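This is what each chain is made of:
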Amino acid sequence: MECIGCPQINLVLIGLVVISFILFGAYTSVIRKRNNLLEAKSGIDVQLQKRQNVITNILTIAKKFMEHEKGLLTEITELRTSVAKPNVAQKEKFDLENQLGLKVNQLMLQVENYPDLKSDQTMIQAMKTYNEIEENIAAARRFYNSSIKEVKNAVEIPPTSFFAYLVNLSKFPFYEADASAAKPVNAADFL
Amino acid sequence: MEINYDKLETKEFNDYFLKNIGPKLKQAEKIRQTDLANFKSALTISVSIYFVFILVYIFGLIPEYSLEKFGAGPNSLLVFIIPLVIASIWPFMIVKNYQKEMKKMLFPVLFKSIGNFKFSNNTLKSYEIEQYNLFEHFNQYSSDDTITGTYKNINLGIYEVDLKKREQKSEEKTEVKRVFKGLICKFHMNKEFSGKTIVLQDKGWFTSVPGYDNRLKKVHLEDPVFENHFEVYSRSQIESRYLLTTAFMQRLLDLKHKFNSNISCCFYNQEIIVAIPCKTHSNSSFDFKNFEFDVPLLGPISLGDKNFFELPWLFENMVNIQHFKKILIEFISVVSIVDTLKLEQDIGM
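Rules used in this analysis
- Residues numbered from 1 in each chain as written.
- Chains lettered and ligands numbered in written order.
- Predicted model: local features only at pLDDT ≥ 70, side-chain atom pairs only at ≥ 80, totals over all residues.
- Heavy atoms only, no water.
- Phe/Tyr/Trp six-rings, centres within 6.5 Å; stacked < 30°, edge-to-face > 60°.
- Helix = DSSP H or I, 4+ residues; strand = E, 2+ residues; numbered from the N terminus.
- Buried < 20%, exposed > 50% of the residue type's maximum accessible area, 1.4 Å probe, protein only.
- Expected span 1.5 Å × (residues − 1).
- Patch = residues over 30% accessible without salt bridge, like charges linked within 9 Å, V, L, I, M, F, W, Y side chains within 5 Å.
- Areas by Shrake-Rupley, 256 points an atom, 1.4 Å probe, with all protein chains shown as cover.
- Salt bridge = Lys/Arg side-chain N within 4 Å of Asp/Glu carboxyl O.
- Disulfide = S-S within 2.5 Å.
- Pairing = 2+ DSSP bridges.
- Polar contact = N/O pair within 3.5 Å; in protein donor to acceptor, adjacent residues only side chain to side chain.
- Contact = heavy atoms within 4.5 Å.
- Buried area = accessible area lost by both parts, 1.4 Å probe.
- pLDDT = per-residue confidence, 0-100.
- Axes fitted to C-alpha atoms, helices over the stretch in contact; angles between N-to-C directions.

1. What about the packing of aromatic side chains?
Residues and elements named next belong to chain B.
Part 1 of the reasoning: Summed over all chains, the structure comprises 18 aromatic pairs over all chains.
Part 2 of the reasoning: With a centroid separation of 4.9 Å and an interplanar angle of 85°, the aromatic rings of phenylalanine 117 and phenylalanine 331 are classed as edge-to-face. Of this pair, phenylalanine 117 sits in strand S1 (residues 117–120) while phenylalanine 331 is found in helix H7 (residues 321–335), placing the two residues 214 residues apart along the sequence. When sorted by exposure, phenylalanine 117 lands in the same class as phenylalanine 331, which is buried.
Part 3 of the reasoning: Centroid distance phenylalanine 193 to phenylalanine 267: 6.4 Å. Interplanar angle 80°. Geometry classified as edge-to-face. Of this pair, phenylalanine 193 sits in the loop between strand S4 (174–188) and strand S5 (196–201) while phenylalanine 267 sits in strand S8 (residues 264–268); the two residues are 74 residues apart in sequence, bridging distant segments of the chain.
Part 4 of the reasoning: Under the relative-accessibility criterion, phenylalanine 193 is labelled buried at 9%.

Here it is as structure tokens:
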């Protein structure tokens, strides 16, 4: 005959309840990390979109003055178009954004050769805004990488790894700097 | 123009001090001697009143000398109430007025001697302090020195405050707990931002956001050394990282080590607000100069002064350039927060 009040059965029931709580906690933790990651990714996208808008302004202003930089301006316009395409894979999108950033920085350097453009107030304001947005992009990337780290931990460490597999929390790439950004700068190239 | 400690040792500064502040110090010394004499008289009279009261009370307890025998009722001791109240307050009133008067006379010209700084009585409002979410709830607020001005084109304000919380523990017992005593320093921030980010001392499991702002969420940053010392909460994860770059985090650590104190800070309303607590005195030996009395009607009074920007106290000679140099050194160390945090630079870091 079953003994419902038996201590052993009570212990098993308590154990089951505790394990359920732990598993529920692991599951909610995975969901929270995924949502944080999506928030971080969206944060980068917002900043990149702002940058796109500022780049448009910069190109419009620069076109009036920089007749000899048509090649560079065309490259930037093409990169902008590629980045704005839908359904671009995450890693490819990061690479394209990095390339776009490098080209715009090149453009900023070329502005030094055009005194009229350099002193144009709208250009000065656009460059200042661009620099602020770049700082915000850097901050957004740091938040993204921090969220990626949390997700990686969830994917690789049990028991959260089980739930990460269930909700298909695939491994997102870290945001990495372009290889050329890590190269040493030779001042003689610019002076 | 850089402010540094070396400037205080130059001939130019010494000449300026002797020419502009020297005469005021001599005047202050005369006032001090008068106030000291008044204080001694007031203390003597107060002690005498207490002595007489105690004598009358003790003798009244002896049946042969009870007050009824002299035609006085049991409530006749009430005539001592007013003299006792005056005796309790009078000497401290002299000290408090002395401190106020000296600061009003000397501090404006003293702080002006090293830059564009103004000593004033405009204090922070308590609701402003609550908005920073740096301190637990307080319901008693007193402020002392306020200095405003600009340094390297950065607007700044330095406010000496004392925040306390009075709690009714039971019907008979109330407890007064100190929440914060020290400086609240406000500096215009060199970055545009719209939210609020606070940096608190890391107290492990016990760290939480003081005050109420449910939009503040924990931010985990990459610098492990910084994370060991501080905890960051912000309304925006991205904005907090925009403000707290890796370079800025290192500067905050440098600032903490420079003051050797548990600093905390808040980024709010285009300003960075740094709270520097004053060091509590270790009580191995009684420090009479900074002992504080909570006097009814007058509030807290110490025979010395509060811990920052201490004037020579009533028993010390006022004509003492070294003492005032010490005040300026304290002031420079606070203003140089602009240099430590590089607030005057616009390099995005």
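2. Here's the deal with H7(B)
Part 1 of the reasoning: Across its 15 residues, H7(B) extends 21 Å between first and last C-alpha, which sits within 8% of the 21 Å expected from 1.5 Å per residue.
Part 2 of the reasoning: Along H7(B), the residues that are buried comprise B:His323, B:Phe324, B:Lys325, B:Ile327, B:Leu328, B:Phe331, B:Ile332, B:Ser333, B:Val334 and B:Val335.

3. A closer look at a nonpolar patch on the surface
Residue and element names in this part refer to chain B.
Part 1 of the reasoning: The grouping of Ile45, Ile81, Ile82, Val85, Ile86 and Trp90 at the surface amounts to a nonpolar patch, some 540 Å² of accessible area in total.
Part 2 of the reasoning: Of all the elements, helix H2 (residues 81–112) adds the most residues to the nonpolar patch, at 5 residues.
Part 3 of the reasoning: Along the chain, tryptophan 90 falls in helix H2.
Part 4 of the reasoning: On the basis of relative accessible area, tryptophan 90 is assigned to the partly exposed category, the value being 34%.

4. Quick word on the state of the cysteines
Residue and element names in this part refer to chain B.
Part 1 of the reasoning: A complete count under the given rule lists 0 disulfides over all chains for this structure.
Part 2 of the reasoning: For the unlinked cysteine cysteine 185, the closest cysteine sulfur is that of cysteine 265, found at 11 Å.
Part 3 of the reasoning: In this structure cysteine 185 comes out as buried when scored by relative accessible area, which is 0%.
Part 4 of the reasoning: No disulfide involves cysteine 266; its sulfur sits 7.6 Å from the nearest other cysteine sulfur, which is in cysteine 265.

5. Quick word on the pairing of strand S2 (residues 140–151) of chain B
Residues and elements named next belong to chain B.
Part 1 of the reasoning: Pairing of S1 with S2 involves 4 bridges; the strand directions are antiparallel. Counted as the bridge partner of serine 120 is threonine 146 from S2.
Part 2 of the reasoning: As paired strands, S2 and strand S3 (residues 154–168) are joined by 10 bridges and run antiparallel to one another. Its bridge partner being in S3, serine 142 is matched across the sheet by aspartate 162.
Part 3 of the reasoning: Counting the residues that bridge the hairpin from S2 to S3 gives 2 residues, and of these lysine 152 lies at a positive phi of roughly 55°.

6. Examining the environment of B:Asp144
All names here are of chain B.
Part 1 of the reasoning: If you trace the backbone, aspartate 144 turns up in strand S2.
Part 2 of the reasoning: As for aspartate 144 and leucine 8, which are separated by 136 residues in sequence, their C-alpha atoms are 25 Å apart.
Part 3 of the reasoning: Engagement of the side chain of aspartate 144 in a polar contact is seen with the side chain of lysine 103, the distance being 2.8 Å.

7. Some thoughts on unusual backbone geometry
Part 1 of the reasoning: Here the amide bond leading from A:Pro158 into A:Pro159 is cis, since omega sits at 0°, within 30 degrees of zero.
Part 2 of the reasoning: With respect to the helices, strands and loops of the structure, A:Pro159 is situated in the loop between helix H5 (121–156) and helix H6 (160–166).
Part 3 of the reasoning: Positive phi, normally seen in glycine, also occurs at B:Asn269, with a value near 60°.
Part 4 of the reasoning: Along the chain, B:Asn269 turns up in the loop between S8 and strand S9 (271–277).
Part 5 of the reasoning: The class of B:Asn269 is exposed, set by a relative accessible area of 58%.
Part 6 of the reasoning: Despite not being glycine, B:Gln270 has its phi angle at roughly 65°, a positive value.
Part 7 of the reasoning: Residue position: B:Gln270 is located in the loop between S8 and S9.
Part 8 of the reasoning: By relative accessible area, B:Gln270 is classed as buried at 19%.

8. Re the interface of chain A and chain B
Part 1 of the reasoning: The partner chain B presents 14 residues to the 9 residues of chain A that form the contact.
Part 2 of the reasoning: Roughly 1,000 Å² is buried in total at the junction of chain A and chain B, and carbon and sulfur atoms are behind 56% of that figure.
Part 3 of the reasoning: Three residues, A:Glu135, A:Arg142 and A:Phe143, lead the burial of chain A against chain B; their summed loss comes to 56% of the area buried on that side.
Part 4 of the reasoning: At the surface where chain A touches chain B, the tally comes to 1 salt bridge.
Part 5 of the reasoning: One salt bridge connects B:Glu222 with A:Arg142, and the closest N-O pair in it is separated by 2.8 Å.

9. Details of the confidence of the model for chain B
All names here are of chain B.
Part 1 of the reasoning: Overall, the predicted model of chain B reaches an average pLDDT of 82, with 86% of residues at or above 70.
Part 2 of the reasoning: Put simply, strand S11 (residues 299–302) is where chain B has its lowest mean pLDDT, 49, and S8 is where it has its highest, 95.
Part 3 of the reasoning: Overall, residues 281–291 carries pLDDT values under 50, and its contacts beyond four positions in sequence, including any with other chains, amount to 19 contacts.
Part 4 of the reasoning: Below pLDDT 50 for its whole length, residues 301–306 participates in 35 contacts with residues either more than four positions away or in separate chains.
Part 5 of the reasoning: Both confidence scores are given for the complex: pTM 0.78, ipTM 0.72.

10. Comments concerning the sheet that holds S3(B)
Residues and elements named next belong to chain B.
Part 1 of the reasoning: In space, the 9 strands of this open sheet follow the order S1-S2-S3-S4-S9-S8-S5-S7-S6, with antiparallel pairing throughout. Two strands in the sheet have a free side with no partner beyond their single neighbour: S1 and strand S6 (217–219). Pairs of neighbouring strands in the sheet enclose a mean axial angle of 20°, with direction left out of account.
Part 2 of the reasoning: For S5 and S8, the ladder comprises 4 bridges, and the chain directions are antiparallel. Its bridge partner lying in S8, isoleucine 198 is registered against cysteine 266.
Part 3 of the reasoning: Taken strand by strand, H2 contacts S1 and S2, and its axis lies near 165° from that of S1.

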